[in-house]
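What follows is the residue order along each chain.
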Amino acid sequence: MTSNTITFCEACDYRGIKQKAVVWCHDCEEAFCSNCADHHSSARKTREHMVVSIDNYKKLPASVRELSTYCEQHNAPFQNYCITHEQLCCRKCIDPLHSRCTSLPAVDDFLKDTKRSFLTEQLAEGFKDIYSFCEYMVKEKRRNLREINNESNRIENIIKQIRKQLNEHLDILEAQRKTALSTHKTDINIVIEQLSKCQQCAGEFKDSLSFMTENASNMQVFLASKKFEQDLQKAEESVTSLQTQGALNNIFFCFDDKMVKNIDRGDFKLGSFSVKTLPAGKTYVKQKAKEIQMFMVTQKPTISSVKLTLLRKLPLPDGMSITGCVLLLKGGIIITGDFYVVFLDWNGSVNKKLQLRMAYDVTCIDDNRLAITDDAEITFIDRNRKEVIKRIRAEGYGFGISHINGSIIYTTDKSKVKKMDLRTERITTLNVGDPIYQSYVVGSQNKIFYSNWQEHTVICYDINGSALWKFKDETVLRNPSGISVDNNCNVFVAGLKSNNVVVLSPNGKLFKQKSLDGDGISNPRAISLDKENALLLVCSERSHSAIYKVE
């Protein structure tokens, strides 16, 4: 039966009359015209039958409409359900196949609440998860494709500039770049096509399942749910297979432009090309695996397990002294210093440069807003339009700034830490000891972490201003500056004069340091942690900056 075919009333047809049907009765398995439908709904034996419009019935998937409510072997209606064998059965099935089964409820009783059963809810949730996961991954893979295209173009421009001096070596690099770009573009496009098909399939199943539960009979819903469960398992296998193979990982092109001296003697090596991967921004967990994870207790990693791996170095705008930075979750970097807030693309190229009175430090409030300590004011900027929204007096000259629980906290030249409620714009002074100007502050989980560059200390306070712990070891950390905190309350601090990044445990008793001497980074001033993707941006005052993977 197709949606374009006219369906006639079967009761009228039996009497030789042609009348267009308007409803379908699932219990009678017959179509009725409006007149017969009125009689049908009034008769005592049929008034409780399940009736839907003929248009909605035709919209049910053919696989659902064709499901038989009769036993194929005995051509008799299903009357019982065997819980032991998970089978519907007619009366003739019981003696030879289910005579020893102890639980055979009547099918009407068993199927009474099928549409609202756990099975259909889990199927709907499963297809919804597959759809949203595939939608997310398609966007991420397309963004990754744009990123490697942009990075490939940047590397291509660098190679063109120095090709005249080192043609042979650069030809090798160029071949590596082209091969890597061609290979990974093909692979990513294949993955995007597979994810798109899986997303489309999950969307169709999700919509069909929703429509079916409203318009199909209880028997049809139950029978179809078993098939939908198999379809969900196949869709999950398709996605988890890509995940297991590493096909969902993001690709990054890296180019090191270091030059070895004595080029005239042929002792040279200019540039090396490599390809690195990062895990996808989201991991798909199967429905059954989700249930298991509810009972699992995860153990937080210890400070000894934290590892920083250099992913790439980034150039800074010429002549700019960096004092603040933010690494955005969805790609992109924001830096502040001197009189500017600068929006950078993922590869470090300048997207927009916005002049303020005196841009010191920056924090990300949400997907739309930034807050910047700007001379004696806090300046709020729209991230998308890259323009100033408003300015609020800071009650002092602000410097370090951070966002916590609907408020921003910042240090001032009056040796204070201030708190501004973003809803009321009310400013209060926090009692957190004796902060000094040009020091950094960060808030997390109702705690405040403060770096005192003059005393070479890092101090943790509770939200009421009571000191919880203090770290000081000048052999490890000198002139601590930028500070950030991960989800486990491990504290990352930039050592301006010790030229390192020091990671402190949540209680301040343990530490681990990463020297920056071998990475070409000197005097790190500002840092920013992307907690979701486990990436750390380290910005030095006037040299290269770098992005590290936190493992």
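Remember, it's a predicted structure, so these values are computed and weren't measured experimentally.

Here is what the cut-offs are and how they apply
- Residues numbered from 1 in each chain as written.
- Predicted model: local features only at pLDDT ≥ 70, side-chain atom pairs only at ≥ 80, totals over all residues.
- Heavy atoms only, no water.
- Helix = DSSP H or I, 4+ residues; strand = E, 2+ residues; numbered from the N terminus.
- Contact = heavy atoms within 4.5 Å.
- Areas by Shrake-Rupley, 256 points an atom, 1.4 Å probe, with all protein chains shown as cover.
- Lys, Arg positive; Asp, Glu negative; His and termini not counted.
- Charge placed at Lys NZ, Arg CZ, Asp CG, Glu CD.
- Expected span 1.5 Å × (residues − 1).
- Pairing = 2+ DSSP bridges.
- Axes fitted to C-alpha atoms, helices over the stretch in contact; angles between N-to-C directions.
- Phe/Tyr/Trp six-rings, centres within 6.5 Å; stacked < 30°, edge-to-face > 60°.
- Lys NZ or Arg CZ within 6 Å of the ring centre and 35° of its normal.
- Buried < 20%, exposed > 50% of the residue type's maximum accessible area, 1.4 Å probe, protein only.
- Salt bridge = Lys/Arg side-chain N within 4 Å of Asp/Glu carboxyl O.
- Polar contact = N/O pair within 3.5 Å; in protein donor to acceptor, adjacent residues only side chain to side chain.
- 1 Å grid on protein atoms, 1.4 Å probe; cavity = no way out; pocket = protein on both sides within 12 Å on 5 of 7 lines; lining within 4 Å.
- Points joined across faces, edges and corners; volume = space filled by probe spheres on them.
- Nonpolar A, V, L, I, M, F, W, Y, C, P; charged D, E, K, R; others polar.
- Domains from an automatic or database assignment.
- pLDDT = per-residue confidence, 0-100.

### Comments concerning the overall build of the protein
- Scanning the protein from terminus to terminus reveals ten helices and 33 strands.
- Sequence separation of 24 or more characterises 51% of the internal contacts of the protein that already satisfy a separation of 6 or more.
- Of the roughly 28,600 Å² of accessible surface on the protein, 47% is carried by carbon and sulfur atoms.
- Taking the average location of the 75 positive side-chain charges in the protein and that of its 67 negative ones, the two points are 2 Å from each other.

### Topic: helix α9 (residues 218-244)
- Counted at 1.5 Å a residue, the expected span for α9 with its 27 residues is 39 Å, and the 38 Å between its end C-alpha atoms agrees.
- Two residues or fewer after α9 comes Gly 246, characterised by a positive phi angle close to 80 degrees.

### Describing the sheet that holds strand β28 (residues 491-495)
- Spatially, the four strands line up as an open sheet ordered β27-β28-β29-β30, and their pairing is antiparallel. The two strands at the open ends of the sheet, each matched to only one other strand, are β27 (480-485) and β30 (511-515). In this sheet, neighbouring strand axes are inclined to one another by 20 degrees on average, regardless of whether the strands run parallel or antiparallel.
- Pairing analysis gives four bridges linking β27 to β28, with the strands arranged antiparallel.

### Some points on the packing of aromatic side chains
- This structure, assessed with the given rule, holds eleven aromatic pairs.
- Look at Trp 24 and Tyr 57: their rings are 4.3 Å apart centre to centre, the planes differ by 15 degrees, and that puts the pair in the stacked class. Highlighted residues: Trp 24 in strand β1 (residues 23-25) and Tyr 57 in helix α3 (residues 54-59), separated in sequence by 33 residues.
- Lying across the ring of Tyr 131, Lys 206 places its NZ or CZ 5.3 Å from the centre.
- The ring of Phe 343 carries the charged tip of Lys 386 above its face, separated from the ring centre by 5.4 Å.

### Observations concerning the sheet that holds strand β21 (residues 417-421)
- Strand order in the open sheet formed by four strands is β19-β20-β21-β22, and the pairing between neighbours is antiparallel. Every other strand in the sheet has two partners, leaving β19 (398-404) and β22 (427-430) as the edge strands with one partner each. Between one strand and the next, the sheet's axes are offset by a mean angle of 25 degrees, whatever the strand orientation.
- Pairing of β19 with strand β20 (residues 407-412) involves five bridges; the strand directions are antiparallel. Of the residues in β20, the one forming a bridge with Ile 404 is Ser 407.

### Concerning the side chain of Lys 549
- Here Lys 549 lies in strand β33 (residues 545-550).
- We note that Lys 549 is buried and unpaired, the nearest opposite charge coming from Glu 551 at a distance of 6.6 Å.
- Within the structure, Lys 549 has its side chain in polar contact with the backbone oxygen of Asn 533 (distance 3.0 Å).
- Among residues more than four places away in sequence, those in contact with Lys 549 are Leu 278, Pro 279, Lys 307, Leu 308, Thr 309, Leu 311, Asn 533, Ala 534 and Leu 535.

### Some words on the environment of Arg 91
- Looking at the element boundaries, Arg 91 is found in helix α5 (residues 91-98).
- Among the polar contacts made by the side chain of Arg 91, one reaches the side chain of Gln 79 at a distance of 2.5 Å.

### Quick word on the layout of surface pockets
- By volume, the second largest pocket amounts to about 660 Å³.
- Taken together, 20 residues line the second largest pocket, and the ones lying closest to its centre are His 26, Asp 27, Val 107, Asp 108 and Met 219.
- Contributing elements (two or more residues each) for the lining of the second largest pocket: α6 (107-110) and α9.
- Per-class residue counts for the lining of the second largest pocket are nine nonpolar, six polar and five charged.
- Shared between two domains, the lining of the second largest pocket holds at least three residues of each, these being domain 1 (1-67) and domain 2 (123-298).

### A look at unusual backbone geometry
- Despite not being glycine, Lys 386 has its phi angle at roughly 60 degrees, a positive value.
- If you trace the backbone, Lys 386 turns up in the loop between β17 (377-382) and β18 (387-393).
- Here the phi dihedral of Glu 425 falls at roughly 65 degrees; this positive angle occurs in a residue that is not glycine.
- Structurally, Glu 425 is set in the loop between β21 and β22.
- Among the residues examined, Glu 425 registers a relative accessible area of 33% and is labelled partly exposed.

### Considering the confidence of the model for the protein
- Averaged over all residues, the pLDDT of the protein is 85; the fraction at 70 or higher stands at 91%.
- Note that pLDDT drops below 50 for residues 260-267; the model gives that stretch six contacts with residues more than four away or on any other chain.
- A low-confidence stretch, residues 292-299 stays under pLDDT 50, and its non-local contacts, those more than four residues away or across chains, total one contact.

### Some details on the pairing of strand β25 (residues 457-462)
- The buried count for β25 comes to six of six residues, which makes it a mostly enclosed element.
- Bridging between strand β24 (residues 447-452) and β25 involves six bridges; their strand directions are antiparallel. In the strand pairing of β25, Phe 449 is matched with Cys 460.
- Two successive antiparallel strands, β24 and β25, enclose a turn made up of four residues, where His 456 displays a positive phi of approximately 60 degrees.
- Judged from the five bridges that link them, β25 and strand β26 (residues 467-472) form a sheet pairing that is antiparallel. Pairing of Ile 459 across the sheet is with Lys 470, part of β26.
- Counted along the chain from β25 to the antiparallel partner β26, the turn is four residues long, and its residue Gly 465 has a positive phi close to 100 degrees.

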